[in-house]
Amino acid sequence: MLKKNNIFVILVFATLLLIPLLFDTYYVNNISYFILWTFISLGLALIWGMGGILSFGQTAFFGLAGYSFAIISINFADTFAVGIWAPIIALLITAIFGAIVGYFLFYGGIYDVFIGIVTLAITLVLETFMAQTAGPEWAIGNARLNGFNGMQGMPPIGIKISDSKFYLNGAGQYYFMVFLAMFLLWILYKIKKSNFGLILLASKEDRMRVESLGHNVKKIQMITFSLSALLAGISGILYTNWGGYITPSSMGLVAASMPVIWVAASGKNDFFSVFLGCILLVYISQTLAINGAQYAIILMGFILVITTRYFPDGIIFMLKKYLVNKLSFKNKL
């Protein structure tokens, strides 16, 4: 028998799968944009919700993956299946960079608020550097970095076989994101229930005690940090593919703070709440941003304050619990 929580999850994904059948391409592309941000939020929920490590470096990995994908695909645009192996290599680069950063953080004994400071510094350094690369001398092969104007003109994710093209766009891109989210949520919950996840959760409460029991907490935290970078990289590549561009502003201060607000307001201890909450909060912020980006920033800041003061487990998580309980009550009737 399905648990009441699983019924709610199935209903949400069933609704998402029906959207392309009910709405036109314009709305499907917009919702795809909302969904692509869920992966960076899930990465932060993994490292922060399970590991108790607040990182402002998610957008640095987001941008690194996006730029890596763009550079590789532009330089090898005429190579067979570049739209398939280019994002894979970009993700490997991002995961390795995340592991290197994680190694110096955790094996260097940097913890608590200092991790937030260091990761934010990395993000701002990368953004500042990329914004200064507007000159023609800033190029990697055939790929011009273009500074604050960003990069564009990269081939989309997919493959061309003879006269047939199989690219991620429109409804195909949307369904890919939804099914990828399903798969990654399943993986994340498996990790949470595994010995690896239990050690990570325990280290969140008392790192020294877990180490005294013989567990290599630093190694586990480094691997988790790398996995969170990988998830952020997925968002970066999908963003680049969705819009056909990537700019340094995607790694800015505001961009770095948004995932923290989405995850905190959604409920950092529950992956599905983060997934659902991120979609809703990005939708709200983008709707407000039409009239001015400052309105979205002010509202997100207000939501963070309210969450911190009154809903430490997350607003979306509390709403989810309420809806699941209502669903369970109706089933009993």
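Up top is the structure these notes are about.
Just so it is clear, the model here is predicted, and its values are computed rather than measured.

(A) Representation of helix α7 (residues 170–193) in the model. Its 24 residues place the ends of α7 35 Å apart at the C-alpha level, agreeing with the 34 Å of an ideal helix rising 1.5 Å per residue. Those residues of α7 that sit buried are Gly170, Gln173, Tyr174, Met177, Val178, Leu180, Ala181, Leu184, Leu185, Leu188 and Ile191.

(B) Representation of the pattern of salt bridges. Summed over all chains, the structure comprises two salt bridges. In this structure, Asp270 and Lys320 form a salt bridge, with 2.9 Å as the shortest nitrogen-oxygen distance. Taken together, the positions of Asp270 in the loop between α11 (253–266) and α12 (271–289) and Lys320 in helix α14 (residues 315–332) put the pair 50 residues apart, joining distant regions of the chain. Comparing Asp270 with Lys320, the two get one shared label, buried.

(C) Representation of the environment of Lys192 in the model. Within the fold, Lys192 resides in helix α7. The exposure class assigned to Lys192 is partly exposed, which follows from its relative accessible area of 22%. Considering only alpha carbons, one finds Lys192 and Tyr103, 89 residues apart in sequence, at a separation of 22 Å. Not counting the four nearest positions on each side in its chain, Lys192 is found in contact with Met50, Gly197, Leu198, Leu201, Asn269 and Phe271. Looking at Lys192, its side chain comes within polar contact range of the main-chain oxygen of Asn269, at 2.6 Å.

(D) Structural context of the side chain of Ser73. As for its placement among the helices and strands, Ser73 is situated in helix α4 (residues 58–75). Overall, Ser73 belongs to the buried group, its relative accessible area being 0%. A polar atom in the side chain of Ser73 sits 2.7 Å from the backbone oxygen of Phe69. Not counting residues up to four positions away in its chain, the partners in contact with Ser73 are Val82, Ala86, Met154 and Pro155.

The rules we used
Residues numbered from 1 in each chain as written. Predicted model: local features only at pLDDT ≥ 70, side-chain atom pairs only at ≥ 80, totals over all residues. Heavy atoms only, no water. Helix = DSSP H or I, 4+ residues; strand = E, 2+ residues; numbered from the N terminus. Expected span 1.5 Å × (residues − 1). Buried < 20%, exposed > 50% of the residue type's maximum accessible area, 1.4 Å probe, protein only. Salt bridge = Lys/Arg side-chain N within 4 Å of Asp/Glu carboxyl O. Contact = heavy atoms within 4.5 Å. Polar contact = N/O pair within 3.5 Å; in protein donor to acceptor, adjacent residues only side chain to side chain.

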